[in-house]
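Coordinates in review
Listed here are the chains, written in short residue letters.
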Amino acid sequence: MNITEGLRLAVDIGGTFTDTVLIDAQGKILATAKTPTTPENPTFGAIDGVERVLAEANSTLSQIEGFIHGTTLATNALIERRGAVVATITTAGFRDILEIAYERRYTQYDINLVKPDLIVPRSRAFTIAGRMTASGDEVQAFDEGAVAALANDLAASGADAVAICLMHAYANPAHEKRLHEMLQQALPEIVISLSHEVSPEAREFDRLCTTIANAFIQPLMADYLADFQRRFSQEGLRCPILMMAAGGGMTTIETAARLPIRLVESGPAGGAILAARIAAEIGESEVLSFDMGGTTAKLCLIDGFRPQTTRRFEIARAARFIKGSGMPVRIPVIEMIEIGAGGGSIAHVDRLGRLQIGPESAGSEPGPAAFAKGGTAPTVTDADVMQGLIDPALFAEGRLEVDVQAAEKALATDLGAPMGLNAAQVAHGISEIVDENMAGAGRMHAVESGKDLSTRLMIAFGGNGPLHATRVARRAQVDRILIPRDPGVGSAVGFLFAPVSFEIVRSRYDTLTTLDLNGLNAFFDGMIDDAQSVVRAGVPDGPLTRRRVGFMRYHGQGHEIEVALPNRALTEADIPALRNAFEVEYSRQFSRAVPGMTIEILNWAVEVSSQPSPLRRVSDTTTEQTAEAMGARRILCDVTGAWREAAVYDRDGLRPGDRLAGPALIIEPQTTTFVSVDFSARVDAAGNIWLHRQGETPNE
């Protein structure tokens, strides 16, 4: 096969594996690869994966016309605190924004409470005089004469980067811009992040934390992206590289280097985009996306074919699952819950003799004990190997050795001996715990969002998602599962369907009764111009779509509700419709509206994006036949805990309309789908595998 036109590449660098996908101009997947991530330089693993898919398609990098990249490097750097030495500059009188935070404890009665690590100690917190009001008026001139002494203090502090966050800079950034200009002249080597560019929203603590996080990873990500681009250019790449962003769109590598905080959680965002697209193709409006990789598991709710989104999340929580215990970041992001439950998650016995899983991971180096790469700690993958759910001869197309004896030894020695259990019993226990952890996280996420999981279709992918899907679904009371084609590299596939987009959220306070329509429309025009300039850098021509949003609340409330706005200039005639839209959404979330209350708007947002690729509607097949197994394996049944025979199927050999009953294993190059004993499977016309709880009526 030699295809020379319209080739597009996606590379998703995860904590354990790097996924690579090559497609043609029609969106057909030509080749995929899953290669170990190379921690010393993730670019090496990416190049390895790209070389493999290009060799399989008999093509070269010079023929690639589109290249999309997503990485966990920004996320991991923040979690592991591997970044620059950061200093802050705030308005005089506001040095202790980080110390004061929200003026509350995230756990009231914990006498051993650990405060979130906000990166910058008070000794590196500096101030400068000058003041803007919330409406953008200058009430105190910027003290230019103090900048020279401030530059000396910054140099003496040893800071590599500085986060500038002046009061109300979102309303008028003139002081931040002038300070930036003068500091660049005095300290040309220092990296500077400005709050009005990173997070132009009210709430100074969140804005400062977001700017600090951006400054912390900016030198690392700028160097990484420059090296990534340079190495691939040397290999023959001629097209620009686009980066997957946390909000589900793509941006240019230059924007990503300037605003690397937008890359946090960019890899999982690709999986949510894939699930949303599949949901639209099959006409399922309520979906649960389940992405389990080697390091973490991610779950996302998708309604109306759009992933649930948020503008705020926390990094590196001091107390797992407790809000307020992490560093807040305010950027547009696909909302999902992520837990340390992947194939490489390490199992251990705690001081009370209880079996615990993660969040520590064996990663790609040394990896699970079964991978024979030096790892000795027992992991979730070792438990799956011990239970017979992974065929050593067929795993990863035979490119990766699987040592069953090493897995058994790790389970028996580290866990079985202190607990008085054999390796199989320990393996079964690991699966029970990790699957319940994931299902419990999904249930919690759904309840917090006011949603019900039991009516949803689960779309499962990732290297371990299809292997654990039925076990997680049973515990989450989900009866239907879809496994798409090439699920092992699902997030990378999602990259290829994401639009080039950029979202801007800015603060401008007003109420519906006093709305300055002329000023607001000009405000929107400015945001659209700014967002469009970023998008046009990635897609120079072609139609663009625009989306406008207002974040509204009743007067006196602390949090806002997202309300869609008309995609045009607003007029007086729109005010009643906006009030009604807010009250309808408020009633949906809180059961009733509050009559007679003033409605205020704090933030406004625009999203500009390129046109998404056309959908391919999936029609059902009229044929039906029994699938042909290629063999059988002895597995430990996840329902009864007893050993029994499971049929083994080659996914490439399955035909539309094929049906099979569990227990069964459906094997493909990058993953295995486990059909539990209480599930049946059916293949649709597009090659998707539908799994149904026994006794349920199929409803594709």
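Right above here is the structure, for reference.
For every chain, the first residue of the written sequence is number 1, and numbering continues from 1 onward in sequence order. Only residues with pLDDT of at least 70 get local features here, since the model is predicted, and only at 80 or more are side-chain atom pairs given and counted; chain-wide, interface and lining totals rely on the full set of residues. Only heavy atoms go into the side-chain values, all of them from the structure, while hydrogens and water stay out.

1. Thoughts on the packing of helix α12 (residues 423–448) against helix α13 (residues 465–475)
The geometry of α12 relative to α13 is characterised by a closest axis approach of 8 Å and an angle of 55° between their N-to-C directions. The pairing of α12 with α13 is recorded here as oblique in orientation. At the point where α12 passes α13, the crossing takes the right-handed sense. Contacts from Ser431, Glu432, Val434, Asp435, Glu436, Met438, Ala439 and Arg443 in α12 reach His468, Arg471, Val472 and Arg475 in α13. Under the grouping applied here, Gly and all other residues not named as nonpolar or charged are polar, the nonpolar ones being Ala, Val, Leu, Ile, Met, Phe, Trp, Tyr, Cys and Pro and the charged ones Asp, Glu, Lys and Arg. In terms of residue class, the contact of α12 with α13 is made up of four nonpolar, two polar and six charged. Axis definition: a line fitted to C-alpha atoms, over the contacting stretch in the case of helices. Angles run 0 to 180 degrees between N-to-C directions. Per the convention used, a helix needs a DSSP run of H or I reaching at least four residues, while a strand needs a run of E reaching at least two, with both numbered from the N terminus. Working definition: roughly parallel below 35 degrees, roughly antiparallel above 145 degrees, roughly perpendicular at 65 to 115 degrees, and oblique for all remaining angles. Should the near helix be turned anticlockwise from the far one by less than a right angle, the crossing is termed left-handed; should it be turned clockwise, right-handed. Pairs of residues are marked as contacts when any of their non-hydrogen atoms sit within 4.5 Å.

2. So, unusual backbone geometry
With omega at 5°, the peptide bond leading from glycine 662 into proline 663 counts as cis. Mapped onto the fold, proline 663 is located in the loop between β32 (658–661) and β33 (664–668). The backbone of alanine 101 sits at a positive phi, close to 50°, despite the residue not being glycine. Considering the arrangement of structural elements, one finds alanine 101 in the loop between α3 (97–100) and β6 (125–128). Despite not being glycine, alanine 372 has its phi angle at roughly 55°, a positive value. Structurally, alanine 372 is set in the loop between β22 (355–361) and α10 (380–386). Buried, partly exposed and exposed residues are distinguished by accessible area as a fraction of the type maximum, computed with a 1.4 Å probe on protein chains only: under 20%, between the cut-offs, and over 50%, respectively. Of the residues examined, alanine 372 reaches a relative accessible area of 39% and is grouped as partly exposed.

3. Here we look at the sheet that holds strand β4 (residues 64–71)
Backbone-to-backbone hydrogen bonds join strands into a sheet, with any given pair of strands oriented parallel or antiparallel. Spatial ordering of the open sheet is given by β3-β2-β1-β4-β11-β12, a layout of six strands whose pairing is mixed. Two strands close off the open sheet at either side, each with one partner strand: β3 (29–36) and β12 (250–252). For this sheet, the mean inter-axis angle between neighbouring strands, taken without regard to orientation, is 25°. A pair of strands is considered paired only if DSSP assigns at least 2 bridges between the two. Bridge analysis of strand β11 (residues 241–244) against β12 gives three bridges, and the strand direction is antiparallel. Bridging across to β12, leucine 242 finds its partner in threonine 252. The strands touched by helix α1 (residues 42–56) are β1 (7–13), β2 (17–23), β3 and β4; relative to β3, the strand with the most contacts, the crossing angle is about 145°. Across the face of the sheet, helix α9 (residues 266–282) comes into contact with β1, β4 and β11 while running at roughly 85° to β11.

4. Some details on the pairing of β1
Of all seven residues making up β1, six are buried, and the element is well covered by its neighbours. One ladder, built from seven bridges, connects β1 with β4; its direction is parallel. What sits directly across from leucine 9, in β4, is phenylalanine 67. Linking two consecutive strands that pair antiparallel, namely β1 and β2, is a turn of three residues.

5. Describing the pattern of salt bridges
The rule for a salt bridge is simple: a side-chain nitrogen of Lys or Arg has to be within 4 Å of a carboxyl oxygen of Asp or Glu. As enumerated under the stated definition, the model contains 41 salt bridges in all. Across the pair arginine 203 and glutamate 560 runs a salt bridge whose closest N-O atoms are separated by 2.7 Å. A residue pair is termed long-range when its members are at least 10 positions apart, and arginine 203 in the loop between α6 (195–198) and α7 (204–235) and glutamate 560 in the loop between β26 (544–554) and β27 (561–565) qualify at 357 residues. Judged by relative accessible area, arginine 203 falls into the partly exposed class, the value being 25%. Salt-bridge contacts for glutamate 585 lead to arginine 588; the nearest nitrogen and oxygen are separated by 3.2 Å. Taken together, the residues glutamate 585 and arginine 588, both in helix α16 (residues 575–590) and three residues apart, mark about one turn of the helix. Sharing partners across several salt bridges, the network here consists of Glu201, Arg203, Asp206, Arg311, Arg312, Glu314, Arg330, Arg553, Glu560 and Glu600.

6. Comments concerning the sheet that holds strand β25 (residues 501–511)
Ordered by their spatial adjacency, four strands build an open sheet running β25-β28-β26-β27, and the pairing between neighbours is antiparallel. The strands lining the two open edges of the sheet, one partner per strand, are β25 and β27. The average angle at which neighbouring strand axes cross in this sheet is 25°, direction not considered. Helix-sheet contacts for α16 involve β26, β27 and β28 (599–610), and the interaxial angle to β27 is about 145°.

7. Focus on the packing of helix α4 (residues 147–157) against helix α5 (residues 174–186)
The geometry of α4 relative to α5 is characterised by a closest axis approach of 10 Å and an angle of 60° between their N-to-C directions. Looking at the two axes, α4 sits oblique to α5. α5 is crossed by α4, and the crossing has right-handed handedness. Residues Val147, Leu150, Ala151 and Leu154 of α4 touch α5, and the partners they reach there are Leu179, Met182, Leu183 and Ala186. Here the contact of α4 with α5 is built from residues that sort into eight nonpolar, no polar and no charged.

8. What about the pairing of β32?
Going residue by residue along β32, you find Asp658 and Leu660 tucked away on one face and Arg659 and Ala661 left uncovered on the opposite face. Both strand β29 (residues 625–626) and β32 contribute to a ladder of two bridges, which runs parallel. In the sheet register, glutamine 625 faces β32, and the bridge partner there is aspartate 658. Relative to strand β35 (residues 679–683), β32 runs antiparallel, the two being bridged by three bridges. Looking across to β35, one finds that leucine 660 is bridged to alanine 681.

9. Some remarks on the side chain of arginine 651
With respect to the helices and strands, the residue arginine 651 is situated in the loop between β31 (643–650) and β32. Counted as a polar contact is a pair of N or O atoms within 3.5 Å, where, for protein atoms, one must be capable of donating a hydrogen and the other of accepting one, and residues adjacent in sequence contribute only when both atoms are in side chains. Looking at arginine 651, its side chain comes within polar contact range of the main-chain oxygen of isoleucine 483, at 3.1 Å. Polar contacts involving the side chain of arginine 651 include one to the main-chain carbonyl oxygen of proline 484, which spans 2.9 Å. Discounting residues that sit within four places of it in the chain, arginine 651 has contacts with Ile483, Pro484, Arg485, Pro487, Ile666, Ile667, Glu668, Gly687, Asn688 and Ile689.

10. A few points about the side chain of arginine 475
Looking at the secondary structure, you find arginine 475 in helix α13. With a relative accessible area of 16%, arginine 475 lands in the buried category. Polar side-chain contacts of arginine 475 include one of 2.7 Å to the side chain of glutamate 432. With residues up to four places along the chain from it excluded, the contact list for arginine 475 reads Glu432, Asp435, Glu436, Ala439 and Arg443.

11. Here we look at the packing of aromatic side chains
A pair of aromatic rings is counted whenever rings of Phe, Tyr or Trp (Trp by its six-membered ring) have centres within 6.5 Å, and the orientation is called stacked for planes under 30 degrees apart, edge-to-face for over 60 and tilted otherwise. Scanning the model with the defined rule gives ten aromatic pairs in all. Between phenylalanine 67 and phenylalanine 228 the ring centres are 6.0 Å apart and the planes differ by 80°, which places this aromatic pair in the edge-to-face class. Of this pair, phenylalanine 67 sits in strand β4 while phenylalanine 228 sits in helix α7, and the two are 161 residues apart along the sequence. This pair shows no difference in class: phenylalanine 67 is buried, exactly as phenylalanine 228 is. Each residue in the set Phe67, Tyr224, Phe228 and Phe232 is aromatic and connected to the rest through ring pairs, giving one cluster. Remark: a charge is flagged as sitting over a ring if the NZ atom of Lys or the CZ atom of Arg is within 6 Å of the ring centre and within 35 degrees of the ring normal. For the cation-ring pair, arginine 311 lies above phenylalanine 551, with the distance from its terminal atom to the ring centre recorded as 3.9 Å. We note arginine 548 situated over the ring of phenylalanine 524; from NZ or CZ to the ring centre the distance is 5.1 Å.

By themselves, these figures tell us nothing about what the structure is for.
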